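# Observations on chain architecture
Chain by chain, the residues:
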Amino acid sequence: MSHYHDRFRKLACQDLRSGDASAVHDWQEAQLNERRSSDVISVEICGIQLDVFRGVYNGGGDTELMIDSAVVTPSDTFLEVGCGSGAISIHLARKAKFGMGVDVNPAAVANSRHNANRLGIQNVEFRQGDVFGDVVDRFDVVLFNPPFTSHPAQDYSERMFWDPSDHAKQSFFSGVTSRLRSGGRVYFGWASLDSLDSQLPVRLAEANGLCIAKTHSCTARSGLYQRQVLEFAQKN
């Protein structure tokens, strides 16, 4: 296992210098190439050291904002869609009664299980599946830090950044209320990039019985856009 090599460290510390579609795509391709070529790396996210397998999202400011924004109590259960290396689920499991993470990428599921086992986290389960997969239970909190852009994806690794025709985002909102307990909360990652439709999550949520309750945000390193976590509640 190796820590960030110099090239990866430099890339990880960079941020988008422009919000246009071409710049976003180039940045995503560069990170994707690194994730495909790197051996297991070690990253620290919100004070926890995690191993990240090849082909799995290594996390960043969006991951940290989701961890900081999501509220769970000792009696809560949660479901994370797109669990990646397990960073968010592992953090939340330390506060919650029980959690579950789902990812379409089998390498991500194996990675999440590895990190949970290594850290002694026993109240979280990880499954492979597209969006919700075979999960039909209801939870107090449901989270998704999605791939933003609708660019075509050829394999599991590409789907960490690209969501063809917004399939995952649409499937998430069409199915989330049937997996949410009464009074439950939904947390959805987004950003104020010029290339993104800022209102897409709100429209999808409202069409499926949810309303915006709060927006959590922080400024990206470049200062050019806001990272966001949109918190939704069920309509009365």
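Let me begin by describing the structure that accompanies this report. Source: prediction; values computed, not measured. (Residues numbered from 1 in each chain as written. Predicted model: local features only at pLDDT ≥ 70, side-chain atom pairs only at ≥ 80, totals over all residues. Heavy atoms only, no water.)

## Examining the overall build of the chain
Put simply, the rule reads: Numbering of helices and strands runs from the N terminus, with a helix taken as a DSSP run of H or I at least four residues long and a strand as a DSSP run of E at least two residues long. To sort residues, take the accessible area from a 1.4 Å probe on protein chains only and compare it with the maximum for the residue type: under 20% means buried, over 50% means exposed, and anything in between is partly exposed. Only heavy atoms matter for contacts: two residues are in contact if any of them lie within 4.5 Å across the pair. Here, Shrake-Rupley sampling with a 1.4 Å probe gives the accessible areas, and only protein chains in the shown set may cover a residue.
Tallying secondary structure elements over the chain gives seven helices and nine strands in all. For the chain, the C-alpha atoms occupy an extent of roughly 50 × 40 × 30 Å along the three principal directions. Looking at the chain residue by residue over its 236 residues, the buried ones come to 52%. Intrachain contacts of the chain at a sequence separation of at least 6 include 66% that bridge at least 24 residues. Working note: accessible area of the chain is about 10,400 Å², and carbon and sulfur atoms make up 47% of it.

## Focus on the environment of asparagine 105
On the secondary structure map, asparagine 105 appears in the loop between β4 (98-103) and α5 (106-119). Among the residues examined, asparagine 105 registers a relative accessible area of 7% and is labelled buried. As a C-alpha pair, asparagine 105 and leucine 180 span 75 residues in sequence and 24 Å in three-dimensional space. Filtering out sequence-adjacent residues up to four positions away, asparagine 105 remains in contact with Gly55, Val56, Tyr156 and Ser157.

## Looking at α5
Defined as follows: A helix's residues, less one, multiplied by 1.5 Å, set its expected span. This arc corresponds to the set of directions leading from the helix axis out to the C-beta atoms. Here a polar contact is taken to be a pair of N or O atoms separated by no more than 3.5 Å, where protein atoms must pair a possible hydrogen donor with a possible acceptor and residues adjacent in sequence count only if both atoms sit in side chains.
Over its 14 residues, α5 extends 20 Å from the first C-alpha to the last, a length consistent with the 20 Å expected when each residue adds 1.5 Å. Residues of α5 that are buried: Ala108, Val109, Asn111, Ser112, Asn115 and Ala116. One face of α5 carries all of its buried residues, which in axial projection span an arc of 160°. For α5, the secondary structure elements touched by its buried residues are β2 (48-52), α4 (87-93), β4 and β5 (124-128). Its side-chain oxygen 2.9 Å from the backbone nitrogen of alanine 107, asparagine 105 forms the N-cap of α5.

## Considering the pattern of salt bridges
We count it as follows: Each reported salt bridge corresponds to a side-chain nitrogen of Lys or Arg within 4 Å of a carboxyl oxygen of Asp or Glu.
For the structure shown, the criterion picks out 12 salt bridges. Among the salt bridges present, the one from aspartate 51 reaches arginine 118, with a minimum N-O distance of 3.5 Å. With aspartate 51 in strand β2 and arginine 118 in helix α5, this residue pair connects regions lying 67 residues apart in the sequence. A relative accessible area of 8% means that aspartate 51 is categorised as buried. The closest approach of N and O atoms between arginine 127 and aspartate 134, which form a salt bridge, is 3.2 Å. Look at the salt bridges and you will find they share partners, linking Arg36, Asp155 and Glu158 into a network.

## Section: the pairing of strand β8 (residues 210-219)
Side chains on a regular strand alternate between the two faces of the sheet. Stated formally: We call two strands paired when DSSP finds no fewer than two bridges between them.
The pairing of β8 with strand β9 (residues 226-234) spans nine bridges and is classified as antiparallel. Within β9, the position partnered with serine 217 by the bridge is glutamine 228. Remark: six residues form the turn of the hairpin made by β8 and β9, two consecutive strands paired antiparallel; glycine 223 in that turn has positive phi of roughly 80°.

## Some points on the layout of surface pockets
Heads up, the rule is: With a 1 Å grid laid over protein atoms only, a set of points is called a cavity when a 1.4 Å probe fits there but cannot get out and a pocket when it is open yet has protein on both sides within 12 Å along at least five of seven lines; lining residues have an atom within 4 Å of a point. Grid points are joined across faces, edges and corners, and a volume is the space filled by probe spheres set on the points. Classification convention: Asp, Glu, Lys, Arg as charged; Ala, Val, Leu, Ile, Met, Phe, Trp, Tyr, Cys, Pro as nonpolar; all other residues, Gly among them, as polar.
Estimates place the volume of the second largest pocket at around 170 Å³. Forming the walls of the second largest pocket are 16 residues, and the residues nearest its centre are Phe148, Thr149, Ser150, Ser195 and Leu196. Sorting elements by how many residues they give to the lining of the second largest pocket places helix α2 (residues 21-37) first, with four residues. Taken together, the residues of the lining of the second largest pocket break down into seven nonpolar, six polar and three charged.

## Focus on the environment of valine 56
If you trace the backbone, valine 56 turns up in the loop between β2 and α3 (61-69). The exposure class of valine 56 is buried, given its relative accessible area of 1%. The spatial distance from the C-alpha of valine 56 to the C-alpha of glycine 86 is 10 Å, given a sequence separation of 30 residues. Once residues within four sequence positions are removed from consideration, valine 56 is found in contact with Arg35, Gly84, Ser85, Asn105, Ala107, Ala108, Asn111 and Met160.

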